[in-house]
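Fold and geometry: a report
Each chain, written out:
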Amino acid sequence: LAGLDIELRTTAPGTTLTLDNDVRARTTGSNLILRSANDVAISLSDRTAGYEELPAYAALQLSSLEVVANAGAGTIRIEPFSIDAVPADLTLETAGDQRYSGTLELGNTFVTTGRDIDFDGDVTQSGAPDAGLIVGTRGKVTFAGLIGTLADRLDRLWVLFDPDAPDDRGDPRTPVVE
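Now for a description of the structure that goes with this document. All figures in this text were calculated on a predicted structure; none of them were measured in a lab.

Details of the side chain of Thr142
- In this structure, Thr142 sits in strand 17 (residues 140-143).
- Residue class for Thr142 comes out buried when judged on its relative accessible area of 15%.
- One polar contact links Thr142 to Asp118, side chain to side chain, over a distance of 3.3 Å.
- Once you skip the residues sitting within four places of it in the chain, Thr142 turns out to touch Ile117, Asp118, Phe119 and Glu178.

Side note on the pattern of salt bridges
- Taken as a whole, this structure holds nine salt bridges when the rule is applied.
- The residue Glu7 makes a salt bridge to Arg35 at a minimum N-O spacing of 2.8 Å. Here the residue Glu7 occupies a position in strand 1 (residues 5-10), and Arg35 occupies one in strand 3 (residues 31-36), the gap between them amounting to 28 residues.
- Judged by its relative accessible area of 25%, Arg35 falls in the partly exposed class.
- Among the ionic pairs, Asp155 bridges to Arg156, the shortest N-O distance being 2.6 Å.

Considerations on the pairing of strand 10 (residues 90-94)
- Alternating positions in strand 10 separate cleanly, Leu90, Leu92 and Thr94 being buried on one face and Thr91 and Glu93 remaining unburied on the opposite face.
- Relative to strand 10, strand 5 (residues 60-62) runs parallel, the two sharing three bridges. Among the inter-strand pairings, Leu62 is bridged to a residue of strand 10, identified as Thr94.
- Where strand 10 lies against strand 13 (residues 110-114), four bridges are found, and the strand directions are parallel. Bridge assignment links Leu92 to a residue of strand 13, and that residue is Thr112.

Points about the sheet that holds strand 6 (residues 64-69)
- Strand order in the open sheet formed by seven strands is 1-3-6-11-14-17-19, and the pairing between neighbours is parallel. Edge positions in the open sheet fall to strand 1 and strand 19 (176-177), since each of these has one partner strand only.
- Of the pairings in the sheet, the one linking strand 1 to strand 3 comprises six bridges and is parallel in character. Pairing of Ile6 across the sheet is with Leu32, part of strand 3.

Cut-off values and rules
Residues numbered from 1 in each chain as written. Predicted model: local features only at pLDDT ≥ 70, side-chain atom pairs only at ≥ 80, totals over all residues. Heavy atoms only, no water. Helix = DSSP H or I, 4+ residues; strand = E, 2+ residues; numbered from the N terminus. Buried < 20%, exposed > 50% of the residue type's maximum accessible area, 1.4 Å probe, protein only. Polar contact = N/O pair within 3.5 Å; in protein donor to acceptor, adjacent residues only side chain to side chain. Contact = heavy atoms within 4.5 Å. Salt bridge = Lys/Arg side-chain N within 4 Å of Asp/Glu carboxyl O. Pairing = 2+ DSSP bridges.

In structure tokens form, the structure reads like this:
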């Protein structure tokens, strides 16, 4: 599915678009767009089928990802993730860009790796004291909203850069956080 654009869309108000194990099985490797008239939930319950014995393999592998929750006014929930019923960090890896348009609400730690990664809304946690955000990038990371609150701070925020990643011309990229 690499290079194939797949857009999943809900138009009914009050309906949550959910990326679960069944949707993951049909979209792995694609350029995935999740567009909802309400909220979006990423709710995976284990590693990708067929890759259970490869701990370094991300739970969700895509070419690119764009998530739009209610035109940016909704919530993108990262539901608690586990491996063999043991809580674990949810990992997502894309070869290209990622964009989260809406409040990103973390149910546990979310580890995401890609080229340019944009968080167009607030990043919060949903009462899980160990929920954090780890971003690995080969380009630019943009935060357009608040990161945590005084009452519900993120356990950690790490932004990691790949200093050897070239730009489109083959020149080294300059790491950027905005």
